[in-house]
Amino acid sequence: MNIRISKNADEVSRAAADEFLRLAGEAIRADGAFSVALSGGSTPKRLYELLANERDVYREKLPWDKIQFFFGDERHVSPDHADSNFRMANEAMFAKSPVPEENVHRVRAELSDASEAADEYEQTLRNVFHLADAELPRFNLVLLGMGADGHTASLFPGTPALNERERLFVANPVAKFNADRLTLTLPVINNAAVCLFLVAGSDKTETLRRVLDDEAQDATFPSQLIRPMNGELTWLIDEAAAGDLQKR
Ligand code: 6PG
């Protein structure tokens, strides 16, 4: 596990953008393609803006036509809703970049039945990754955030999706929101080549300390269940979230 501490949330986003550029270059040189699952949240938004807006540093260097964009999770809302992760990524990045429309795979979360939206997205994953029946997709990069309750993607503490072992993408009822979320499952996230957490803000310090302390590996903090089986796990953290982590 790699842990890198940056000064603030902006620096975390920049470190993530550098990592994105490096990983995309490597994957495209090796396989001609790069697949990424995006996350929602405020720090990723800044990352997406950097990739699309900073011409000389990122935008001109990224082979946008060779990048397949997916979503690690989505809210059960239409794509023009203020809470939509697609809307956020679209406004911050897709609309401002030369990415071909067919390379952006969004969840059709406007469907009234969340399970149907999840089934459809699972099928999209199967098609784009050319998967046989029991195969899992292997993303080059899964971007993740962590909530103060320890959730990651839309895997919230105590929710059914944490127990899912067969499916790739599911609707996950989250009692505290009285709503469904749509999310990649643990087997898929843990099959990625790289899982990259972006964590900023002092409201995360205590949870982060416990997640990284690594004693009990249980579902108290879903973020602790992210353990790439044959890949890398990197945490990009700002000083506020790190607390006294540096000293220890
Ligand atoms: C979402 C996310 C979610 C997010 C965390 C952290 O759809 O909200 O994918 O898992 O990453 O809630 O969000 P922040 O980085 O904004 O704190």
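Parameters at a glance
Residues numbered from 1 in each chain as written. Predicted model: local features only at pLDDT ≥ 70, side-chain atom pairs only at ≥ 80, totals over all residues. Heavy atoms only, no water. Salt bridge = Lys/Arg side-chain N within 4 Å of Asp/Glu carboxyl O. Helix = DSSP H or I, 4+ residues; strand = E, 2+ residues; numbered from the N terminus. Buried < 20%, exposed > 50% of the residue type's maximum accessible area, 1.4 Å probe, protein only. Axes fitted to C-alpha atoms, helices over the stretch in contact; angles between N-to-C directions. Parallel < 35°, antiparallel > 145°, perpendicular 65-115°, else oblique. Left-handed = near helix turned anticlockwise from the far one by under 90°. Contact = heavy atoms within 4.5 Å. Nonpolar A, V, L, I, M, F, W, Y, C, P; charged D, E, K, R; others polar. Near = heavy atom within 4 Å. Polar contact = N/O pair within 3.5 Å; in protein donor to acceptor, adjacent residues only side chain to side chain. Areas by Shrake-Rupley, 256 points an atom, 1.4 Å probe, with all protein chains shown as cover. Pairing = 2+ DSSP bridges.

### Thoughts on the pattern of salt bridges
Phase 1: Inspection of the entire model under this criterion finds 19 salt bridges.
Phase 2: Note that Glu239 is salt-bridged to Lys7, the shortest N-O span being 3.6 Å. With Glu239 in helix 7 (residues 239-242) and Lys7 in the loop between strand 1 (2-6) and helix 1 (9-31), this pair connects stretches of sequence that are 232 residues apart.
Phase 3: Among the salt bridges present, the one from Arg167 reaches Glu122, with a minimum N-O distance of 2.7 Å. Here the residue Arg167 occupies a position in the loop between strand 5 (141-145) and strand 6 (169-174), and Glu122 occupies one in helix 4 (residues 114-128), the gap between them amounting to 45 residues.
Phase 4: On the basis of relative accessibility, which here comes to 25%, the residue Arg167 falls in the partly exposed class.
Phase 5: Here Glu122 falls in the buried class, since its relative accessible area comes to 8%.

### Quick notes on the packing of helix 1 against helix 2 (residues 42-53)
Phase 1: Between helix 1 and helix 2, the least distance of the axes is 8 Å, while the angle of their chain directions is 55°. In terms of orientation, helix 1 and helix 2 fall into the oblique class. Taken as a pair, helix 1 and helix 2 cross one another with a handedness that is right-handed. Within the contact between the two elements, helix 1 uses Ala9, Asp10, Val12, Ser13, Arg14, Ala16, Ala17 and Phe20 and helix 2 uses Thr43, Arg46, Leu47, Leu50 and Leu51.
Phase 2: A per-class count over the contact of helix 1 with helix 2 returns eight nonpolar, two polar and three charged.

### Thoughts on the site of the ligand
Phase 1: Neighbouring the ligand are 14 residues, the closest being Asp73, Arg75, His151, Ala153 and Lys204.
Phase 2: Within the side chain of Asp73, one N or O atom sits 2.7 Å away from an oxygen atom of the ligand.
Phase 3: In this structure, Ala153 approaches the ligand through a main-chain N or O atom, which is 2.7 Å from an oxygen atom.
Phase 4: Taking 410 Å² as the accessible area of the ligand by itself, protein coverage stands at 87%.
Phase 5: Split into classes, the residues belonging to the shell around the ligand amount to two nonpolar, eight polar and four charged.

### A word on the sheet that holds strand 6
For sheets, the rule is that strands pair by backbone hydrogen bonds, running either parallel or antiparallel.
Phase 1: Strand order in this open sheet of three strands is 4-7-6, and the pairing throughout is antiparallel. One side of each edge strand has no neighbouring strand; the edge strands of this open sheet are strand 4 (73-75) and strand 6. Averaged over all neighbouring strand pairs, the angle between strand axes comes to 25°, with direction disregarded.
Phase 2: Summarising the sheet, strand 4 and strand 7 (residues 179-184) pair through three bridges and their orientation is antiparallel.

### Re the sheet that holds strand 9 (residues 232-238)
Phase 1: Within the open sheet, the six strands sit side by side as 1-9-8-5-2-3. Their pairing is parallel. The open sheet has two free edges, formed respectively by strand 1 and strand 3 (67-71), since each of these has just one partner strand. The mean inter-strand angle of the sheet, taken between neighbouring strand axes irrespective of direction, is 20°.
Phase 2: Of the pairings in the sheet, the one linking strand 2 (residues 34-38) to strand 5 comprises two bridges and is parallel in character. Of the residues in strand 5, the one forming a bridge with Val36 is Leu141.

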